[in-house]
Amino acid sequence: MMKIFSPSMIKTFITCPVKYNLKFNEKIVVPQNPTLFEKGKKIHALANYYHNGADISKLEKALNENEKLLWERLKNNEYFSKKCIQSEYPITAKLNEFWIFGRIDAIVKEDENYYILDYKTGSIPKNPEYDSQTMIYLLCTDLIIPNKNSLSFVYIDLKNSQNKIIKFSQELKNDYENRLTEQCNIITNTHDFEGKENKTNCKFCEYNKICKVTY
């Protein structure tokens, strides 16, 4: 049974164990409409090139009006303008008997205060402090930057031009470790994957045509 988990894997299981089983256990790949992710991919690619000192002038000209607005908001964001340490950075950490992993949009710093940045062209999580992405990214980054004054996770909400900041602490660290371990244990020990009672999003799921659950 799989013992390595990303934020996406945990979120998928919480939303629908059936989809989790099809996607991650049976490894069934279903094509999705690429236009749904085009805007976010462009902004993330530009941010990565920008942080690495590349000439992005031609790429900026290729943006449509909405994409230009989001990109300008990101460039002018107070956290995005801090010194970049890593961009599009893969992270992995051992959590008890499990491994957790992900890819951070950027890690920036000011003095010895470090910030994990996550750019959102859509919505930020409803409960960002306890979102699996927040928990995994903070736990992993805490290990790779041992000497620091502080560590925070910053969701940059480009649609609403807002920041949501979660400051890491020892209390949160203990809580995150317990929560993630519990979630990973539940997934690992699940053998009969069933759908949830709330099926309102099933018609939008890319797996709805091959899902064996009757709705």
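Residues numbered from 1 in each chain as written. Predicted model: local features only at pLDDT ≥ 70, side-chain atom pairs only at ≥ 80, totals over all residues. Heavy atoms only, no water.

A. Up close: the packing of aromatic side chains. Applying the stated criterion across every chain, the model contains 12 aromatic pairs. Centre to centre, the rings of Tyr50 and Trp71 are 5.9 Å apart; their planes meet at 85°, and the pair counts as edge-to-face. Separated by 21 residues along the polypeptide, Tyr50 in helix H3 (residues 35–51) and Trp71 in helix H5 (residues 65–75) bring together distant segments of the chain. Classification of Tyr50 by relative accessible area gives partly exposed; the value is 38%. Among the residues examined, Trp71 registers a relative accessible area of 1% and is labelled buried. Pairing Phe153 with Tyr155 gives two aromatic rings, centres 4.4 Å apart and planes at 45°, and the pair type is tilted. An aromatic cluster is built from Tyr50, Trp71, Phe80 and Tyr119, whose rings are joined through pairwise contacts. The lysine or arginine in question, Arg179, covers the ring of Tyr130, its NZ or CZ lying 3.9 Å from the ring centre. (Phe/Tyr/Trp six-rings, centres within 6.5 Å; stacked < 30°, edge-to-face > 60°. Helix = DSSP H or I, 4+ residues; strand = E, 2+ residues; numbered from the N terminus. Buried < 20%, exposed > 50% of the residue type's maximum accessible area, 1.4 Å probe, protein only. Lys NZ or Arg CZ within 6 Å of the ring centre and 35° of its normal.)

B. Quick look at H5. Those residues of H5 lying buried are Glu67, Leu70, Trp71 and Leu74. All buried residues of H5 lie within an arc of 100° about the axis, which places them on one face of the element. For H5, the N-terminal cap is Asn64; the gap from its side-chain oxygen to the backbone nitrogen of Asn66 is 3.2 Å. (Arc of directions from axis to C-beta. Polar contact = N/O pair within 3.5 Å; in protein donor to acceptor, adjacent residues only side chain to side chain.)

C. View of helix H1 (residues 7–15). When H1 is considered as a whole, its buried residues turn out to be Pro7, Met9, Ile10, Thr12 and Phe13. The elements touched by buried residues of H1 are strand S1 (4–5), helix H2 (17–25), strand S3 (98–110), helix H6 (132–144) and helix H7 (170–188). (Contact = heavy atoms within 4.5 Å.)

D. Here's a closer look at the pairing of strand S6 (residues 162–167). Two strands pair when backbone bridges link them, and strand S5 (residues 150–157) and S6 are joined in this way by 6 bridges, in the antiparallel orientation. Directly across from Ser152, in S6, lies its bridge partner Lys167. (Pairing = 2+ DSSP bridges.)

E. Expanded view of the environment of Lys58. Within the secondary structure layout, Lys58 lies in helix H4 (residues 57–61). Looking at Lys58, the relative accessible area reads 72%, which means it is exposed. Sequence separation between Lys58 and Asn208 is 150 residues; the distance between their C-alpha atoms is 40 Å.

F. View of the pattern of salt bridges. Across all of its chains, the model carries 14 salt bridges by this definition. Notably, a salt bridge pairs Glu97 with Lys3, separated by 2.5 Å at the nearest N-O pair. One end of the pair, Glu97, is in the loop between strand S2 (83–95) and S3; the other, Lys3, is in the segment before S1, with 94 residues separating them in the sequence. Accessibility expressed as a relative area gives 35% for Lys3, which makes it partly exposed. A salt bridge links Lys120 to Asp118; its shortest N-O distance comes to 3.1 Å. (Salt bridge = Lys/Arg side-chain N within 4 Å of Asp/Glu carboxyl O.)

G. The environment of Gly53, seen in detail. Mapping Gly53 onto the fold places it in the loop between H3 and H4. Distance in space between the C-alpha atoms of Gly53 and Val30 is 36 Å, their sequence separation being 23 residues.

H. The packing of H1 against H2, seen in detail. Running from N to C, H1 and H2 cross one another at 140°; their axes reach a closest spacing of 5 Å. With respect to their mutual orientation, H1 and H2 come out oblique. Each of Ser8, Met9, Thr12, Phe13 and Thr15 in H1 lies in contact with H2, whose residues at this interface are Pro17, Lys19, Tyr20 and Phe24. (Axes fitted to C-alpha atoms, helices over the stretch in contact; angles between N-to-C directions. Parallel < 35°, antiparallel > 145°, perpendicular 65-115°, else oblique.)

I. The arrangement of the state of the cysteines in detail. Counted by the stated rule, this structure contains 0 disulfides. Lacking any disulfide linkage, Cys84 is separated from the closest cysteine sulfur, that of Cys140, by 18 Å. (Disulfide = S-S within 2.5 Å.)

J. Looking closely at unusual backbone geometry. Of note, Lys27 is a non-glycine position whose phi angle comes to about 55°, a positive value. Considering the arrangement of structural elements, one finds Lys27 in the loop between H2 and H3. According to the relative accessible area criterion, Lys27 is exposed, its value standing at 57%. If you check the backbone angles, Asn96 has positive phi at about 55° while not being a glycine.

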